[in-house]
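Structure at a glance
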Amino acid sequence: MLDISTSVTFRLKMVDSQYYLPNDIGISALDCSEAFRLLSPQEKMYAHYLSRASWYGGLVVLLQTSPESANIFVLLQRIFRKQTPAQLEQVATAAGLSSEEYQAFLVYAAGLYANMGNYKSFGDTKFIPNLPKDKLKALVWASQAFQEQPAEMEALWDSCSCLLYSLENRQKQLGLGDKGITTYFSGNCCLEDAELAQKFLDSKKLSAYNTRLFKKEDGGKACYEVRLASAVQKDCAVDGECESCCGSFSFEDKEFTVKRGDYSRVMEKVCYYLEKARAYAANENQRKMLEEYTRSFTLGSIDAHKEGSRYWIKDKGPIVESYIGFIESYRDPFGSRGEFEGFVAVVNKAMSERFAKLVSSAEVLLPELPWPQEFEKDAFLKPDFTSLDVLTFAGSGIPAGINIPNYDDIRQTEGFKNVSLGNVLAVAYATQKEKLTFLEEGDKDLFIKWKGPSFEVQVGLHELLGHGSGKLFVQDDMGKFNFDQSKVINPETGEPVSSWYRGSETWDSKFSTIASSYEECRAECVGLYLCLNKQVLSIFGHEGQDADDVVYINWLSMVRAGLLGLEFYTPESKRWRQAHMQARFVILRVLLEAGEGLVGLEEVTGEDGKPDAQITLDRSKIPTVGKNAIHRFLCKLQVFKSTADVEGGRAFYDKYSTVSDTGAHNFLRLRETVLLRKEARKMFVQANTRISGDSVELVEYEGSAAGLIRSFTERFQDDAEQLESGLLELSKQDAPCWC
């Protein structure tokens, strides 16, 4: 038993550790050398230029994350361009840093590069250097970069050093208004402003994906500026546009101005490299796709990006797969604006064959889902589903699987693509037994053996039949319905469906702040539900006892992930900071609620004398108690989603998302145990490509903080000074907006 003073000190230390990256954090190189070697010279050129477009576009994320991220990035780039991590180590020792402090600096720098900012991409928590500020300042002052340009480096340090270390409450996490930091909105915006702006955008049929919102006061009256990401800065009609979407508008007694030119310098580079890639495209679909993407990033047009996405869907089974743009809305506190990402990957043919079989079985598997036929899409549009080895993934983090595009109107009627990122899965989910928390000893070896294969099944089902299933009921601008409102019955009420999406309303715009997590929860539940199907398990090569073990570990992984998810909950603001982890906690709550001994969750004391927890799952009850619980829950999720019932859906989802210290389980206390025993998320080192004569070379780096740093300093060496000054200029011009 801990005495009270030890307990308080221990808790303070534990909470503070959330905001550091540990020196022993896992850092692994993403291996794609064999996949790249097998490409033709033309494919290598195509992959190279798409990678360049992606890497430059990824720099936008610095400006989308926090006011200081771009300045910290430039500070690090200038230091490491002059001295490699190995060379800088001697300088650090002479400046008075211990080897642990220097390693902490390298880990911080690697973390900033890997997350494209100083907030974790998974969890949205700030991280700061785990060494004293005066020691870091001494290292900066002793660096060659400072010796050569003392005035510039001191100004750069002064511009970001306070925020670099600040852990004021609002700065501890991303959020809107007093809930946290965001650069998707000016600092004076609150939820009401975000809601008003969404209504305005809907009225103009403008998507929020590539926008930011800035609020100004003019004579006591609020004026809003909606800024579109584009290379072009002119607001008039250009390049054959019939009319510009830009201009000033009055809406609900407020003034709105729509302007172009956000991140213009960076978007110019993206367009330049997309044009270069187009010369090496394999077919007309790829050429048209890149043409439309270029138009989108030039003019700030989401319509053009949608058009490019249509060509992308038609480009079936390419050897080099890619996607680029303002894609995922997880980090917009309102849930509508997309973070920039771009990826380039090479198809893994053997694994892709399994996914192709899953696609072929989709029409048999979809009717197994627990909602009525009328709540499923009229026709299943068979997508491409491939396993890819990632060459480049630029943005704030790398997922295990993707289902895109995110545009509802395209997904519902024209289709989508699924990808599973094979070389990411291979590295990310490798687990050491001694680091496996909260499981019974008897489960650990089985977990290690089947975690990878079971997650492969879950990713496949989650992406294809999770995100790829379910119908949205819509009445278009002409008054036409995509369902028979006189006949379709809501299975939860027994009454005719009484609500639906109207006009330009979308899932994201309607469900806003809960949309991402709710949809991830729905997809995860589909994975749990359908992994019980023997045909699915057979497709992935699992039969008999092995198949039973895969199911058990998949469900056990989900239950454990629900507990681990508590790390990503902030009690002070009662907010979840990560969509997937909130979804998994919700599923844990659903399975605990099912009772009958299906899931056990007990607080215990660990062998080290500190608080611990233990999870149990009765595998014999998964096909009965477990399946029935997910059946009921999943049907409700789909009905609320299909019928645009925001009020019902939000109340339902919020109930299971609640973290409290009352009831059968004290989740607030369990959260402290999770924080005490958490393992930092791995970081990935990615290769670079460079042109050498007529061919393209792959440049690989070691899986370490130093390797990750070198990959970034060499990535932008062609125009480093011009690029860095451009980023600082973009950061500086918006600086007054965050106060």
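Residues numbered from 1 in each chain as written. Predicted model: local features only at pLDDT ≥ 70, side-chain atom pairs only at ≥ 80, totals over all residues. Heavy atoms only, no water.

**Focus on the UniProt feature "active site" (unreviewed entry) in the protein chain**
Under the present numbering, the feature "active site" (unreviewed entry) in UniProt falls on Glu463. Among the structural elements, Glu463 can be located in helix α18 (residues 441-466). The class for Glu463 is buried, based on a relative accessible area of 6%. When near neighbours in sequence (up to four residues on either side) are disregarded, Glu463 contacts Phe385, Gly401, Ile402, Asn403, Asn418 and Gly468. (UniProt positions renumbered as here; feature names shortened; annotations may be inferred. Helix = DSSP H or I, 4+ residues; strand = E, 2+ residues; numbered from the N terminus. Buried < 20%, exposed > 50% of the residue type's maximum accessible area, 1.4 Å probe, protein only. Contact = heavy atoms within 4.5 Å.)

**Let's talk about the side chain of Ser704**
By the element assignment, Ser704 lies in the loop between β19 (695-699) and α26 (705-715). Ser704 sits in the buried class, given a relative accessible area of 19%. Contact partners of Ser704, with chain neighbours within four places excluded, come to Ile27 and Val685.

**Some remarks on empty space enclosed by the protein**
Under the criterion given, the structure shown has seven cavities of 30 Å³ or more. By volume, the largest cavity amounts to about 60 Å³. Every residue along the wall of the largest cavity is listed here: Leu63, Ser66, Pro67, Ala70, Thr183, Arg212, Leu730, Ser731, Asp734 and Trp738. Of the residues forming the lining of the largest cavity, the biggest block, three residues, is contributed by helix α27 (residues 720-734). When the residues that make up the lining of the largest cavity are grouped by side-chain class, the tally is five nonpolar, three polar and two charged. (1 Å grid on protein atoms, 1.4 Å probe; cavity = no way out; pocket = protein on both sides within 12 Å on 5 of 7 lines; lining within 4 Å. Points joined across faces, edges and corners; volume = space filled by probe spheres on them. Nonpolar A, V, L, I, M, F, W, Y, C, P; charged D, E, K, R; others polar.)

**Details of the UniProt feature "binding site: Zn(2+)" (unreviewed entry) in the protein chain**
Mapped onto the present numbering, the UniProt feature "binding site: Zn(2+)" (unreviewed entry) falls on His462, His467 and Glu520. These annotated residues cover 59 residues of sequence, and their C-alpha atoms lie no more than 8.4 Å from one another, placing them together at a single site. Mapped onto the secondary structure, His467 falls in the loop between α18 and β11 (474-475). Judged by relative accessible area, which is 9%, His467 ranks as buried. Along the polypeptide, Glu520 turns up in helix α19 (residues 507-530). Glu520 gets classed as buried once you look at its relative accessible area, which sits at 5%. Setting aside residues up to four positions removed in sequence, Glu520 forms contacts with Tyr330, His462, His467, His580 and Ala583. A distance of 3.0 Å separates a polar atom in the side chain of Glu520 from a polar atom in the side chain of His462. (Polar contact = N/O pair within 3.5 Å; in protein donor to acceptor, adjacent residues only side chain to side chain.)

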